[in-house]
Amino acid sequence: MTSPRRLLATCLTLLALTPFLQAQQTSSAHKNYIGFDLNLYPGDAALPALRKDFSFAGYWLNAPPGEDANTWQGKRDTLLRAGFGFLVLFNGRLDTQIVKAQRAHTTPESLGRQDAAAAIAAAGREHFPARTIIFLDQEQGGRLLDEQAAYLFAWTEAVAHSGYLPGVYASGQPVSEGHGHTITTAQDIREHVSHDHLHPIALFVYQDACPPSNGCTLHPPPLEHSGTPDAVVWQYAQSPRRKSSTRACAETYASDGNCYAPGAPKLLLDMSVAASPDPSHGR
């Protein structure tokens with residue numbers, strides 16, 4: 001049975017997330033906003049050109065996937081002055097890293113809580129306000145393995161108990177489980193939240209397959225076409241493109257398979273659409 005204290009905490013978190021959920025539910029009646037994310041900070045000089053087309057920017061709180069350092073650190077105020085909203089990101093652990101930690105006697109739950117503490121501290125240092133949504137980057141798709149789920153939900157629950165709100169960047173791409181059944185990571189997360197009475201989690205989904213995406217373009221389909229009904233943000237174009245799922249929109253990408261920013265042709269990036277110009281509420 002859910003305790004009164006837990007029920008109250010869940011209700012408060014859901015109340016805090018309500019503006020974002022309402023924005024998603026009514027996105028068809030509102031303007032869609034385009035954003036970008038890339039691992040390396042593009043440089044102050046590139047911001048005016050980027051701002052002509054993009055309303056928000058992905059903002060890493062730690063080193064992005066494949067990187068040894070975080071070049072976004074200390075740039076929040078610069079982006080704020082340039083007029084950007086925020087998509088606040090924290091790079092999570094791959095399954096191999098979680099398993100390696102287990103062998104060293106660190107449980108997935110402990111690792112999740114440790115990483116949540118690091119994300120919360122980094123968000124504070126970067127001066128993100130209370131109730132900013134921090135999205136945990138869950139790179140691997142399909143149904144979560146047991147250790148992945150333990151890590152991920154330990155992270156989201158810890159963030160939910162801080163002054164910030166939990167979100168997850170996860171796959172919205174259907175993966176076959178046999179017998180005609182498919183699953184997306186986003187769907188699996190929602191099922192866990194419902195079954196285990198966890199705090200609500202905002203979803204930033206990636207689904208670059210064409211369709212529903214129309215490729216590397218500043219005119220994507222509406223947010224609700226992502227295939228994940230309650231997504232807050234939809235990443236519809238990635239660099240490099242996945243050839244197997246983007247054949248129908250290959251011509252929208254550059255010849256090297258990447259998606260480049262208009263006005264900044266040397267910046268390869270990912271593109272997303274949201275119902276808010278500030279999806280993390282980080283201004």
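A brief report on the enclosed structure follows. None of these values were measured; they are calculated from a predicted model.

Some words on the packing of helix H6 (residues 146–160) against helix H7 (residues 185–196)
- In the contact formed by H6 and H7, the axes pass within 12 Å of each other and the chain directions differ by 65°. Taken as axis vectors, H6 and H7 run roughly perpendicular relative to one another. Relative to H7, the crossing made by H6 is right-handed. Contacts from Ala-149, Leu-152 and Phe-153 of H6 reach H7 at Ile-189, His-192 and Val-193.
- For the contact of H6 with H7, a count of residues per class yields five nonpolar, one polar and no charged.

Concerning the pattern of salt bridges
- Tallied over the entire structure, the rule returns eight salt bridges.
- Between Glu-177 and Arg-143 there is a salt bridge; the shortest N-O distance is 2.8 Å. Here the residue Glu-177 occupies a position in strand S6 (residues 175–178), and Arg-143 occupies one in the loop between strand S4 (133–137) and H6, the gap between them amounting to 34 residues.
- On the basis of relative accessible area, Arg-143 is assigned to the partly exposed category, the value being 36%.
- Between Asp-230 and Arg-190 there is a salt bridge, with its nearest N and O atoms 2.4 Å apart. Residue Asp-230 is found in the loop between strand S8 (202–206) and strand S9 (233–237), and its partner Arg-190 is found in helix H7; the two are separated by 40 residues along the sequence.
- What makes Asp-230 partly exposed here is its relative accessible area of 23%.
- Within this structure, Arg-143, Glu-177, Asp-188 and Glu-191 form a network of salt bridges that share partners.

Brief notes about the side chain of Asp-208
- On the secondary structure map, Asp-208 appears in the loop between S8 and S9.
- Asp-208 sits in the buried class, given a relative accessible area of 0%.
- A distance of 2.8 Å separates polar atoms of two side chains, one belonging to Asp-208 and the other to Gln-173.
- Here Arg-242 takes part through its side chain, which lies 2.5 Å from a polar atom of the side chain of Asp-208.
- Those residues in contact with Asp-208, other than ones at most four positions away along the chain, are Gln-173, Ser-213, Gln-235, Tyr-236, Ala-237, Gln-238, Arg-242, Ser-245 and Thr-246.

Let's talk about the pairing of strand S12 (residues 270–274)
- Of all five residues that make up S12, five are buried, and the element is covered over most of its length.
- Pairing geometry for S9 and S12, over four bridges, is antiparallel. Following the sheet pairing, Ala-237 is matched in S12 by Met-271.

A short note on the state of the cysteines
- For the structure shown, the criterion picks out two disulfides.
- At a sulfur-sulfur separation of 1.9 Å, the disulfide partner of Cys-210 is Cys-249. A torsion of 55° about the S-S bond marks the disulfide between Cys-210 and Cys-249 as right-handed. Of the two residues, Cys-210 is situated in the loop between S8 and S9 and Cys-249 in the loop between S9 and strand S10 (260–261); the sequence distance between them amounts to 39 residues. Here Cys-210 and Cys-249 have matching classes, each one buried.
- Disulfide partner of Cys-216: Cys-259, at an S-S distance of 2.1 Å. The chirality of the disulfide connecting Cys-216 with Cys-259 is right-handed, given an S-S dihedral of about 75°. Residue Cys-216 is located in the loop between S8 and S9, and its partner Cys-259 is located in the loop between S9 and S10; the two are separated by 43 residues in the primary sequence.
- Among the residues examined, Cys-216 registers a relative accessible area of 13% and is labelled buried.
- Taking only the cysteines that form disulfides and numbering them from first to last, the protein chain has the pattern 1-3, 2-4.

About the cut-offs
Residues numbered from 1 in each chain as written. Predicted model: local features only at pLDDT ≥ 70, side-chain atom pairs only at ≥ 80, totals over all residues. Heavy atoms only, no water. Axes fitted to C-alpha atoms, helices over the stretch in contact; angles between N-to-C directions. Helix = DSSP H or I, 4+ residues; strand = E, 2+ residues; numbered from the N terminus. Parallel < 35°, antiparallel > 145°, perpendicular 65-115°, else oblique. Left-handed = near helix turned anticlockwise from the far one by under 90°. Contact = heavy atoms within 4.5 Å. Nonpolar A, V, L, I, M, F, W, Y, C, P; charged D, E, K, R; others polar. Salt bridge = Lys/Arg side-chain N within 4 Å of Asp/Glu carboxyl O. Buried < 20%, exposed > 50% of the residue type's maximum accessible area, 1.4 Å probe, protein only. Polar contact = N/O pair within 3.5 Å; in protein donor to acceptor, adjacent residues only side chain to side chain. Pairing = 2+ DSSP bridges. Disulfide = S-S within 2.5 Å.

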